[in-house]
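# Survey of secondary and tertiary structure
Listed below are the residues making up each chain.
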There are 2 protein chains.
Amino acid sequence: MTTHALPQPTRAELAILRVLWKQGPSTVRQVHELLRGTQDKDTGYTTVLKLLQNMTEKGIVQRDESERTHVYEAAISETRTQRDLLRDLMDRAFGGSATSVVAQALSMKRASAEELAEIRRLLDAHEKRGK
Amino acid sequence: MTTHALPQPTRAELAILRVLWKQGPSTVRQVHELLRGTQDKDTGYTTVLKLLQNMTEKGIVQRDESERTHVYEAAISETRTQRDLLRDLMDRAFGGSATSVVAQALSMKRASAEELAEIRRLLDAHEKRGK
DNA sequence: GGACATCTACGACGGGCGTCGTTGACTCTT
DNA sequence: AAGAGTCAACGACGCCCGTCGTAGATGTCC
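The rules behind these values
Residues numbered from 1 in each chain as written. Chains lettered and ligands numbered in written order. Predicted model: local features only at pLDDT ≥ 70, side-chain atom pairs only at ≥ 80, totals over all residues. Heavy atoms only, no water. Near = heavy atom within 4 Å. Polar contact = N/O pair within 3.5 Å; in protein donor to acceptor, adjacent residues only side chain to side chain. Helix = DSSP H or I, 4+ residues; strand = E, 2+ residues; numbered from the N terminus. Domains from an automatic or database assignment. Contact = heavy atoms within 4.5 Å. Salt bridge = Lys/Arg side-chain N within 4 Å of Asp/Glu carboxyl O. Nonpolar A, V, L, I, M, F, W, Y, C, P; charged D, E, K, R; others polar. Least-squares fit on C-alpha atoms with pLDDT ≥ 70 in both.

## Focus on the protein's contact with DNA strand C
- Near DNA strand C, the surroundings consist of 21 residues, among which Thr10 and Gly44 of chain A together with Arg29, Tyr45 and Arg68 of chain B are the closest.
- If you look at DNA strand C and keep only atoms within 4 Å of the protein, 62% of those are sugar or phosphate atoms.
- With respect to DNA strand C, the backbone of Gly44 of chain A contributes an N or O atom lying 3.0 Å from a phosphate oxygen.
- The side chain of Thr47 of chain A places a nitrogen or oxygen atom 3.0 Å from a phosphate oxygen of DNA strand C.
- Elements with a contribution of two residues or more to the surface near DNA strand C: helix H1 (11-23) and helix H3 (45-58) of chain A together with helix H2 (28-38) and helix H3 (45-58) of chain B.

Given below as structure tokens:
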């Protein structure tokens, strides 16, 4: 198999990944500035650089160094990462029960009617596919 | 407000909490042994003790020291903890979208027909209540 | 009452994470 | 060509987490 066992992104790394997923390939400076816009926390430039270097080493981002100013790009998909993280939490806190997770997700949000309808649609689609 | 801002349990702490939630008030030894049954990881006795002491300090477990052998009990509810953890992950990885979380939860599990029915039931109940 | 087991308490450490200062290379402007 | 700005690289630090060794107190058994 040997599929993939890329290390889970840490909190700070995930924040950076979210920028890359949204903006596409970016320089350190771009990531740094966009991060400022998103986060309340103020992260230094060199911190972001270091994080991106670490992430490159781990293989969760890819770096283009053809130009002097390097360009970074996410090397793992958002969906896959979400799945891995949710799977992990589900196992650790919900005894592996997807039902419990959904229950909590519903109970927590002032889940808008729109959201509820969307979820129902998902459910239908999923059920049909399964059958 | 001032409700509560108890620190989030760490991974190892959460594993212990799960034992306490399931078994109710327990001694260190009991937790230690039950943990062995659940986990693949082999944790030393003093490690569990230390963890429980830390957790007591943080206020996420409560300790009865009336007897020589202390008895520990979870001080935060399972449901609340699940909610907090899921909320955190939802914000960090799903942009706060409950819908996305549900979508991932569904897509990941070979969600049994039984589970799907249960989820649908939850959805109905939730929708009715909201209306 | 001595030997042994059980339990809590204390302190230490190794690793990882997030943080940043500093340095040296490169580039641009004037 | 000098000075100012930008950038990647490196190393260090403080913190927290999980781990455990060891000590000391308390109980138990012959």
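## Overview of the domain arrangement of chain A
- Domain annotation for chain A reports domain 1 (11-74) and domain 2 (78-130).
- Computed from C-alpha coordinates alone, the two centres of domain 1 of chain A and domain 2 of chain A are separated by 29 Å.

## Describing the interface of chain A and chain B
- Tallying the contact residues gives 43 residues for chain A and 43 residues for chain B.
- As a salt-bridge pair, Arg11 of chain A and Asp88 of chain B come within 2.8 Å of each other at their nearest N and O atoms.
- Between chain A and chain B we count ten residue pairs in polar contact (both at pLDDT 80 or more) in total.
- The biggest single contributor to the side of chain A that touches chain B is helix H4 (residues 78-93) of chain A, with 13 residues.
- Here the residues of the side of chain A that touches chain B sort into 19 nonpolar, nine polar and 15 charged.

## Remarks on the protein's contact with DNA strand D
- As a matter of local geometry, DNA strand D sits amid 21 residues, with Arg29, Tyr45 and Arg68 of chain A together with Thr10 and Ala12 of chain B nearest to it.
- The sugar-phosphate backbone supplies 64% of the atoms of DNA strand D found within 4 Å of the protein.
- A distance of 3.2 Å is found between a phosphate oxygen of DNA strand D and a backbone nitrogen or oxygen belonging to His70 of chain A.
- In the environment of DNA strand D, a phosphate oxygen lies 3.1 Å from a nitrogen or oxygen atom belonging to the backbone of Gly44 of chain B.
- Contributing elements (two or more residues each) for the surface near DNA strand D: helix H2 (28-38) and H3 of chain A together with helix H1 (11-23) and H3 of chain B.
- With five residues, the single largest contributor to the surface near DNA strand D is H3 of chain A.
- Within the surface near DNA strand D, the residues separate by chemical class into four nonpolar, nine polar and eight charged.

## Topic: the relation of the copies chain A and chain B
- Note on the copies: chain A fits chain B at an RMSD of 0.0 Å, the axial shift is 0.0 Å, and the rotation between them is 180°. One copy is carried onto the other by what is essentially a two-fold rotation axis. Closest approach to the rotation axis within chain A is made by the C-alpha atom of Val102 of chain A, at a distance of 2.8 Å.
- Mapped onto chain B, 100% of the interface residues of chain A are again interface residues, and the two copies thus contact each other with one and the same surface.

## Looking at the pattern of salt bridges
- In total, this model carries 16 salt bridges over all chains according to the counting rule given.
- When the shortest N-O distance is used, the salt bridge between Asp88 of chain B and Arg92 of chain B registers 2.5 Å. With Asp88 of chain B and Arg92 of chain B both in helix H4 (residues 78-93) and four residues apart, the pair spans about one turn of that helix.
- Residues Glu118 of chain B and Arg121 of chain B are paired through a salt bridge, measuring 3.2 Å at the closest nitrogen-oxygen approach. Here Arg121 of chain B and Glu118 of chain B lie together in helix H6 (residues 113-130), a separation of three residues that amounts to about one turn.
- Within this structure, Arg11 of chain A together with Asp88 and Arg92 of chain B form a network of salt bridges that share partners.

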